[in-house]
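Geometric and topological summary
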Amino acid sequence: MRVIPGPASMHLGENIARLLNVEKVSLAFKTFADGESYVRLEGSVQDQDVIIVQTTSPPQDTRLIQLALIADAAKRNGARKIQAVVPYLAYARQDRVFLEGEALSSETIANMLKTAGIGSLLTVNVHQQKVLNRFPFPTCSVSAVALLAGYFSQKGCDEAFALAPDKGAIYLAEEADKVLKGGFGYLDKNRDRYTGQINVEKKSFNVKQKTAIIFDDVISTGGTIVAAARILKELGATKIYAACAHPLLIGDAEKRILDAGVEEIVGTDSVPSHVSKVSVAPLLSKMLVS
Ligand code: R5P
């Protein structure tokens, strides 16, 4: 077996190789002046099962193409089975056709990866489990929520209330509550499919004088967390934290969230950032050997 850490997940890929005690294959890569990607394997994968570790956070399209190119290079160089570890799976939020005439992006990506030679895929907290049902090869999504909740537990936040900012994320709050044991709930969020604007309805939870932690799969612009934090504040929560598997933190998302009264944002190294305080390497390595 060989691990190829992709350009977007060098550190995570190296950690996974170390935890699996497997040799890594280095990659030469560059971007041409016109923006095209180039990759070249610097070691042999002949007759090896290969694990490519490459997240697909922004710039998503470049990282997806790099992933496809690495898979193609591995296939051409005699790899036996190719497994992609894609902690943040781009385009997973377009999991159905919402408006007539749209592309089903998640399915398009899945087919592209299959054509490139990928035979299975492991991801973290995919936006909706049903996205993976459309993939033409075996897939698995593992959850980093217990690890994130563990971070807060170690920080002394046991019995914090776990909040999911929309109904689809209720499982995240439920999983966190198994660790924190402070109760959980969810908000109702609607998104205008034309403008992208979200509306989060206020609900009542018993968070007065309590610590509350908002758990989401992705933090992108921060709008969802800001809306949820405002509601928790109005309800009298004393301390509010935000946790997510994939801290994309686009633009001034972090500032907006902190300005809304959130004490700390905690994410995983699914998307490397300065809030990636929890590593998914042990979790992914465990899945890769089982
Ligand atoms: C959407 O339903 C996701 O679970 C996240 O809540 C969403 O992608 C977060 O986006 P933003 O940070 O832009 O509100």
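Look up a bit, the structure's there.
Numbering of residues starts from 1 in each chain and follows the order in which that chain's sequence is written. Under the rules for a predicted model, residues below a pLDDT of 70 receive no local features and side-chain atom pairs below 80 are neither given nor counted, while totals for whole chains, interfaces and linings still include all residues. The side-chain values count all of the structure's non-hydrogen atoms but skip hydrogen atoms and water molecules.

Categorising residues by exposure relies on relative accessible area from a 1.4 Å probe, with only protein chains included: less than 20% of the type maximum marks a residue as buried, more than 50% marks it as exposed, and the intermediate range marks it as partly exposed. To qualify as a helix, a DSSP run of H or I must reach at least 4 residues; to qualify as a strand, a run of E must reach at least 2; elements of each kind are numbered from the N terminus. A two-sided burial pattern is seen for strand β1 (residues 2–5), the buried positions comprising Arg 2 and Ile 4 on one face and Val 3 and Pro 5 on the other. Only when DSSP finds a minimum of two bridges between them are two strands counted as paired. Pairing between β1 and strand β2 (residues 23–24): two bridges, direction parallel. Paired with Val 3 across the two strands is Lys 24, which belongs to β2. Pairing of β1 with strand β5 (residues 50–53) involves four bridges; the strand directions are parallel. When the sheet's bridge partners are listed, Ile 4 is paired in β5 with Ile 52.

Take the sheet that holds β2 next. Strand order in this open sheet of six strands is β2-β1-β5-β6-β7-β8, and the pairing throughout is parallel. This sheet does not close on itself; its edge strands, each paired only once, are β2 and β8 (139–142). Pairing of β5 with strand β6 (residues 82–85) involves four bridges; the strand directions are parallel. Pairing of Val 53 across the sheet is with Val 85, part of β6.

Let us now look at helix α2 (residues 60–76). Taking 1.5 Å per residue, 17 residues should reach 24 Å; α2 reaches 24 Å between its end C-alpha atoms and fits that length. Considered for burial, the residues of α2 that qualify are Arg 63, Leu 64, Gln 66, Leu 67, Ala 68, Ile 70, Ala 71, Ala 73 and Ala 74. The contact criterion used is simple: two residues touch if any of their non-hydrogen atoms lie within 4.5 Å. Along its buried surface, α2 packs onto β1, β3 (27–31), β4 (37–41), β5, β6 and α3 (105–116). Positioned one or two residues after α2, Gly 78 has a phi angle of 90 degrees, which is positive. Working rule for helices: expected span equals 1.5 Å times residues minus one.

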